[in-house]
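Tertiary structure, described
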Amino acid sequence: MEIIKADTIEQYNNYFGFETQHPLVGVVHFDQTENQPSHRMTFGFYALFLKKTTGCTISYGRTSYDFSDETVVSFAPGQTIGIHRTEDGLVPEADGILFHPDFLFRTPLAQKIKQYTFFSYTSNEALHLSKEERIILQDYMDKITRELQHPIDKFSKSLIISNIEVLLNYCMRFYERQFVTRSDMHHDALVKFEQLLDEYLDTGLATTYGIPTVKYFADKICLSPNYFGDLVKTETGKTAQEYIQLKMTNLAKDAMLDPNKSVKQIAETLGFQYPQHFVRFFKKQVGCTPKEFRQNIAMA
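For every chain, the first residue of the written sequence is number 1, and numbering continues from 1 onward in sequence order. pLDDT decides what is reported in this predicted model: residues at 70 or higher carry local features, side-chain atom pairs at 80 or more are listed and counted, and totals for whole chains, interfaces and linings draw on all residues regardless. Hydrogens and water are ignored here; the side-chain numbers use all heavy atoms of the structure.

1. Focus on the packing of aromatic side chains
- Within 6.5 Å between ring centres, the rings of Phe, Tyr and Trp (the latter by its six-membered ring) count as paired, and their orientation is classed by plane angle as stacked under 30 degrees, edge-to-face over 60, tilted in between. Applying the stated criterion across every chain yields a total of 33 aromatic pairs.
- Taken together, Y12, Y15, F16, F18, F30, F43, F45, F49 and F75 form an aromatic cluster joined through their ring pairs.
- For a Lys NZ or an Arg CZ to count as sitting over a ring, it must be within 6 Å of the ring centre and within 35 degrees of the ring normal. Over the face of the ring belonging to Y140 we find K143, whose NZ or CZ atom lies 4.4 Å from the ring centre.
- One residue, K157, lies across the ring of F103, its end atom 5.5 Å from the ring centre.

The following block contains the structure:
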């Protein structure tokens with residue numbers, strides 16, 4: 001299937017037959033157009049869709065998910081997604097908020113946008129909403145729609161951006177709720193992560209492939225790195241990177257108890273190519289060098 005490039009919101013609107021009210025921001029309503037063919041598209045802007053009904057499947061990367069109604073899925077600039085109409089003939093209903101990075105230029109939201117990690121979640125990590133949550137998000141989309149219909153004045157941009165930011169903050173809150181309500185499923189993912197991390201460090205994989213990375217374990221568990229990192233943070237209070245580093249530090253400390261193991265050998269088993277990099281890592285985590293750590297143990 002040909003990939004359609006939508007670098008601008010106007011290009012996106014032209015493809016679906018929507019009116020462009022502002023070149024850098026827009027709200028689209030898919031229950032108001034019949035032009036919804038299956039397609040693959042690369043976005044040049046941020047997009048967040050509030051899905052109201054079934055009727056299509058969304059794919060991103062290697063994953064595909066036929067998500068139900070009352071869900072939110074979002075995408076960042078540069079991502080390519082696939083939209084595939086289902087065979088039941090239903091016309092999917094959804095509202096979407098689209099905003100270009102240039103619209104955020106020199107605003108506080110431009111500095112904060114990377115905090116909204118769900119823009120890099122895959123489609124099978126969609127936000128599932130309660131009826132009350134959907135009403136809240138719909139209300140802010142409606143406020144942005146009304147503002148776009150209002151004659152532009154000196155307040156227009158700040159009001160639109162304020163409403164976008166509140167909407168994104170609500171999405172963050174609702175995702176936090178989803179992490180809690182799906183804690184059993186997430187606990188299984190965390191157990192799998194611990195098993196994979198132990199295997200990576202205990203079986204020589206680190207020596208072959210280097211320092212363990214968040215992306216490696218996220219891929220193994222079939223989650224996006226951002227969703228996986230947020231899951232670990234919710235379950236443990238630590239980021240996935242901090243969790244990995246803590247495990248590496250504890251293993252390094254245990255290895256230090258064996259006087260027959262050199263610092264170079266310990267560094268290699270943890271995936272460090274150069275011993276000096278391990279020394280810097282250890283000092284940052286423990287507060288002293290490996291040599292000083294061994295001296296402290298000897299004096300204890």
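2. Some details on the pattern of salt bridges
- Any Lys or Arg side-chain nitrogen found within 4 Å of a carboxyl oxygen on Asp or Glu counts as a salt bridge. Using the criterion set out here, one finds eight salt bridges in the structure.
- E70 is the salt-bridge partner of R134, the closest N and O atoms lying 2.9 Å from each other. Of the two residues, R134 is situated in helix α3 (residues 131–149) and E70 in the loop between β6 (63–65) and β7 (71–75); the sequence distance between them amounts to 64 residues.
- When a residue's accessible area, from a 1.4 Å probe over protein chains only, is under 20% of the maximum for its type it is buried; when over 50% it is exposed; and in between it is partly exposed. The exposure class assigned to E70 is partly exposed, which follows from its relative accessible area of 22%.
- Among the ionic pairs, D139 bridges to K143, the shortest N-O distance being 3.5 Å. Highlighted residues: D139 and K143, both in helix α3, separated by four residues, approximately one helical turn.
- Owing to a relative accessible area of 32%, D139 belongs among the partly exposed residues under this scheme.
- What makes K143 partly exposed here is its relative accessible area of 29%. Secondary structure elements are taken from DSSP: a helix is a run of H or I of four residues or more, a strand is a run of E of two residues or more, and numbering for both begins at the N terminus.

3. Here we look at the layout of surface pockets
- Cavities and pockets are defined on a 1 Å grid built over the protein atoms alone: a cavity is a set of grid points where a 1.4 Å probe fits but cannot escape, while a pocket is an open set with protein on both sides within 12 Å along at least five of seven lines, and lining residues are those with an atom within 4 Å of any such point. Grid points are joined across faces, edges and corners, and a volume is the space filled by probe spheres set on the points. Of the pockets and cavities examined, the largest pocket occupies roughly 270 Å³.
- Considering the residues around the largest pocket, the lining is formed by 16 residues, among which F18, E19, Q21, V27 and H29 are closest to the centre.
- Elements represented by at least two residues in the lining of the largest pocket include exactly α1 (9–16), β2 (25–29) and α3.
- Counting residues per element, the lining of the largest pocket draws most heavily on β2, which supplies five residues.
- When grouped by side-chain class, the residues that make up the lining of the largest pocket number seven nonpolar, eight polar and one charged. Residues are sorted three ways: Asp, Glu, Lys and Arg are charged, Ala, Val, Leu, Ile, Met, Phe, Trp, Tyr, Cys and Pro are nonpolar, and all the rest, Gly among them, are polar.

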